[in-house]
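Examination of the molecular architecture
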Amino acid sequence: MDIFSTFLNLSCLTVQCILQLRFMSRLTGKHLDQKHFAIYFLLLCIGSLGIGSLAAGPPRLNDILSTALTIAGSLLILYIMIHVSYRVPSSASFAAAVLAVHIPQLSFGIINAAESMLFPAWIGSPMLYPLILLASAAAYTLCGLCFHIILKFLSLGTASHASDITLLLLPSLFFFAAETYILHAFYHGPVSELDAYGKHLTLLFIQVLELAALLCTVYAYHRLCRSFEAQSALDSLTQAANAQKAYIAEAQLRYEQTRAFRHDIKNHLTVLGGLLNNGKIKEGCAYLEKLEIISSALSLPYRTGRPAVDILLAEKLTLAEANGIAVEVSLLLPEHCGMDSLDLCVIFANALDNAIQACQSAPDKKSIRITGERQGDFYLLAFENSCAAGPLPPSGTGLANIQTIAGKYHGAMLAEKSGGWFSLHVLVNIS
């Protein structure tokens, strides 16, 4: 290998490492430092030298083995770096590795097709070397542009993108396999031995279409995730609207009852005064007890500091008690905080609907416990309920809505199950 080839290979490996690791870092939302660059660069160099020194067999077999090992090695290194070091989910790690390896490969494939049409005329000329450098620079410029476009529409640090990444993984693997075949079948060997001009033009057209199809697939995946998020937000708003309607209806009913009681209070006091003036103490006490019962019925059984939540708790937990579920509530919500009452109702409504449903399948004692605790600028809500034994069920729309509200207030949600007891913790920023 001459000096120019060595310089070109080292330069290409360096630029490739920088582009790939920067892309992986931004795609997964994880910070990759210089240590990762050094390790990845060293492994690529070792792999390149080791694969290049493979012994023998037919040249075409060596080419096939060299290509396969190079691609598999790059994928494996990037996958391990993200999945093992940063605990990124397996499917998301593999998708990021596939894109990081495939985009440079596709970029070089397009430039190689153009080289095959233009460079044969410069073979033997001193201008061939700067043209090769220019072509390599063009390939990495195209690669960087593609990475930039993908990052505009895709982020595996986003919950919805990471959870449905398998929708993008299979098309990416197909494009990857197709490009690998094209590069191996048509671009191994000296430039002078390449096929005719028309075939290279066709391959250039195919690879440009492949790149466009890949970018369109990423964009379609982005739109699909946005639609999922919009549907989740719509479900959340629908629940909030339903909770608001229930709150208004309950408030209207209690207002009418309170107005009727206030209207009749004068008559009640007159009757009570007459009983006491006539010495009918026993009858007066009985009448007073009835007034106390009527007055208690006008107040809500739970006081959290938020009227909307109080009404929702009264509705949901009355239903729970009617189904034989023991209820315990111990929380006081901050009156003045940055959290909207409708968002609180979404959390409570979904959590309590799930808790009541789970309690109905519990074999033993059925109970629901709700607690709340302020922790600095954050407030921690805990919903605990008895349930049937078994693994934690997959998250449904209810938990997804709670997760959305928690994210809105820069918080988090954690669902756990231990034996016959389910716990849901929701942390929100109330500053």
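Scroll up to find the structure.
Reference entry: report on the structure contained in this document.

A cluster of nonpolar side chains, contributed by Ile-39, Leu-42, Leu-43 and Ile-46, occupies part of the molecular surface with about 360 Å² of accessible area. Residue placement: Ile-46 occurs in helix α2 (residues 34-52).

So, about the packing of aromatic side chains. One pass over the full model with this rule turns up 5 aromatic pairs. On the numbers, 5.0 Å between centres and 80 degrees between planes, the contact of Phe-153 with Tyr-219 is edge-to-face. Of this pair, Phe-153 sits in helix α5 (residues 128-153) while Tyr-219 sits in helix α8 (residues 197-277), and the two are 66 residues apart along the sequence. Taking 5.2 Å as the distance between ring centres and 80 degrees as the angle between the ring planes, the aromatic pair formed by Phe-348 and Phe-383 counts as edge-to-face.

Here we come to the state of the cysteines. All chains considered together, the criterion is met by 0 disulfides. The thiol of Cys-146 is not disulfide-bonded; the next cysteine sulfur, from Cys-143, is found 6.9 Å away.

Let's shift gears to the pairing of strand β5 (residues 421-429). The pairing of strand β3 (residues 378-386) with β5 spans 9 bridges and is antiparallel. By the bridge assignment, Leu-381 is partnered in β5 with Val-426. Note that strand β4 (residues 412-418) and β5 share 7 bridges and pair antiparallel. Each bridged residue has a counterpart across the sheet, and for Met-413 the counterpart in β5 is Val-426. Hairpin connection, β4 to β5: the antiparallel pair is bridged by 2 residues, and Gly-419 has positive phi, about 65 degrees.

Another aspect to go through is the packing of helix α1 (residues 3-28) against α5. With their axes 11 Å apart at the nearest point, α1 and α5 run at an angle of 5 degrees to one another. Accordingly, the angle class assigned to the pair α1 and α5 is roughly parallel. Of the residues in α5, those in contact with Phe-4, Phe-7, Leu-8, Cys-12, Leu-13, Val-15, Gln-16, Leu-19, Gln-20, Phe-23, Arg-26 and Leu-27 of α1 are Tyr-129, Ile-132, Leu-133, Ser-136, Tyr-140, Cys-143, Gly-144, Phe-147, Ile-150 and Leu-151. Its residues assigned to classes, the contact of α1 with α5 comprises 17 nonpolar, 4 polar and 1 charged.

With that settled, consider the sheet that holds β3. The mixed open sheet is built from 5 strands, whose spatial order is β1-β2-β3-β5-β4. Edge positions in the sheet fall to β1 (326-330) and β4, since each has one partner strand and no second. Taking each pair of neighbouring strands and ignoring which way they run, the sheet shows an average axis angle of 10 degrees. Direction of pairing for β1 relative to strand β2 (residues 367-375): parallel, over a ladder of 5 bridges. Pairing of Ala-326 across the sheet is with Ser-367, part of β2. Running over the sheet, helix α10 (residues 307-322) touches β1 and β2 and is turned about 150 degrees from β1.

Scanning the model with the defined rule gives 1 cavity of 30 Å³ or more in all. Around the largest cavity, the lining residues are Leu-333, Pro-334, Cys-337, Met-339, Leu-344, Tyr-379, Leu-381, Val-428 and Ile-430. Among the residues forming the lining of the largest cavity, the class breakdown is 9 nonpolar, no polar and no charged.

Taking 1.5 Å as the rise per residue, α1 with 26 residues should run 38 Å; its terminal C-alpha atoms sit 37 Å apart, in good agreement. Listed as buried for α1 are Leu-8, Cys-12, Leu-13, Gln-16, Cys-17, Gln-20, Leu-21, Phe-23, Met-24, Ser-25, Leu-27 and Thr-28. One or two positions beyond α1, positive phi appears at Gly-29, with a value near 75 degrees.

Before going further, it helps to examine the nonpolar core. Formed by 45 residues in total, the largest nonpolar core has its most connected members in Phe-23, Tyr-40 and Leu-78. Elements supplying a minimum of two residues to this core: α1, α2, α3 (59-86), α4 (90-118), α5, α7 (166-186) and α8. With 12 residues, α4 is the single largest residue contributor to this core. Other than its neighbours up to four places away in sequence, Tyr-40 contacts Gln-16, Cys-17, Gln-20, Leu-21, Ser-74, Ile-77, Leu-78 and Met-81. Counting 40 residues, the second-largest nonpolar core is a separate cluster that includes Ala-308, Leu-331, Ala-351 and Val-426.

So, on to α10. Along an α-helix, residues three or four positions apart point the same way, because every turn accommodates 3.6 residues. With 16 residues, α10 extends 22 Å between its outermost C-alpha atoms, agreeing within 8% with the 22 Å of an ideal straight helix rising 1.5 Å per residue. Looking at α10, one finds that the buried residues are Ala-308, Val-309, Asp-310, Ile-311, Leu-312, Leu-313, Ala-314, Lys-316, Leu-317 and Ala-320. The positive-phi residue at the C-terminal boundary of α10 is Gly-324, with phi of around 80 degrees.

Bringing the side chain of Ser-25 into the picture now. With respect to the secondary-structure elements, Ser-25 resides in helix α1. Each residue touching Ser-25, except ones within four places of it in the same chain, is listed here: Lys-30, His-31 and Leu-32.

Take unusual backbone geometry next. Note: most residues except glycine have negative phi, and most peptide bonds are trans. Even without a glycine there, the phi angle at His-410 is positive, about 55 degrees. One can find His-410 in the loop between α12 (397-408) and β4. Residue classification places His-410 among the exposed residues on the basis of a relative accessible area of 63%.

Our focus in this paragraph is the pattern of salt bridges. Following the criterion strictly, the structure yields 3 salt bridges and no others. A salt bridge links Glu-384 to Arg-369, with the shortest nitrogen-to-oxygen separation between them at 3.0 Å. Of this pair, Glu-384 sits in strand β3 while Arg-369 sits in strand β2; the two residues are 15 residues apart in sequence, bridging distant segments of the chain. A relative accessible area of 16% places Glu-384 in the buried class. The exposure class assigned to Arg-369 is partly exposed, which follows from its relative accessible area of 29%.

Turning next to the packing of α4 against α5. The interhelical angle for the contact between α4 and α5, taken along N-to-C directions, is 140 degrees, at an axis separation of 9 Å. Here α4 lies oblique to α5, going by the angle between them. Between α4 and α5 the crossing geometry is right-handed. Only Ala-135, Ser-136, Ala-138, Ala-139, Tyr-140, Leu-142, Cys-143, Cys-146, Phe-147 and Ile-150 of α5 make contact with α4, whose side of the interface consists of Leu-99, Ala-100, Ile-103, Pro-104, Ser-107, Phe-108, Ile-110, Ile-111 and Glu-115. Tallied by class, residues from the contact of α4 with α5 come to 16 nonpolar, 2 polar and 1 charged.

Rules of the game
- Residues numbered from 1 in each chain as written.
- Predicted model: local features only at pLDDT ≥ 70, side-chain atom pairs only at ≥ 80, totals over all residues.
- Heavy atoms only, no water.
- Patch = residues over 30% accessible without salt bridge, like charges linked within 9 Å, V, L, I, M, F, W, Y side chains within 5 Å.
- Areas by Shrake-Rupley, 256 points an atom, 1.4 Å probe, with all protein chains shown as cover.
- Salt bridge = Lys/Arg side-chain N within 4 Å of Asp/Glu carboxyl O.
- Helix = DSSP H or I, 4+ residues; strand = E, 2+ residues; numbered from the N terminus.
- Phe/Tyr/Trp six-rings, centres within 6.5 Å; stacked < 30°, edge-to-face > 60°.
- Disulfide = S-S within 2.5 Å.
- Pairing = 2+ DSSP bridges.
- Axes fitted to C-alpha atoms, helices over the stretch in contact; angles between N-to-C directions.
- Parallel < 35°, antiparallel > 145°, perpendicular 65-115°, else oblique.
- Contact = heavy atoms within 4.5 Å.
- Nonpolar A, V, L, I, M, F, W, Y, C, P; charged D, E, K, R; others polar.
- 1 Å grid on protein atoms, 1.4 Å probe; cavity = no way out; pocket = protein on both sides within 12 Å on 5 of 7 lines; lining within 4 Å.
- Points joined across faces, edges and corners; volume = space filled by probe spheres on them.
- Expected span 1.5 Å × (residues − 1).
- Buried < 20%, exposed > 50% of the residue type's maximum accessible area, 1.4 Å probe, protein only.
- Core = buried A, V, L, I, M, F, W, Y, C linked by side-chain atoms within 4.5 Å.
- Left-handed = near helix turned anticlockwise from the far one by under 90°.

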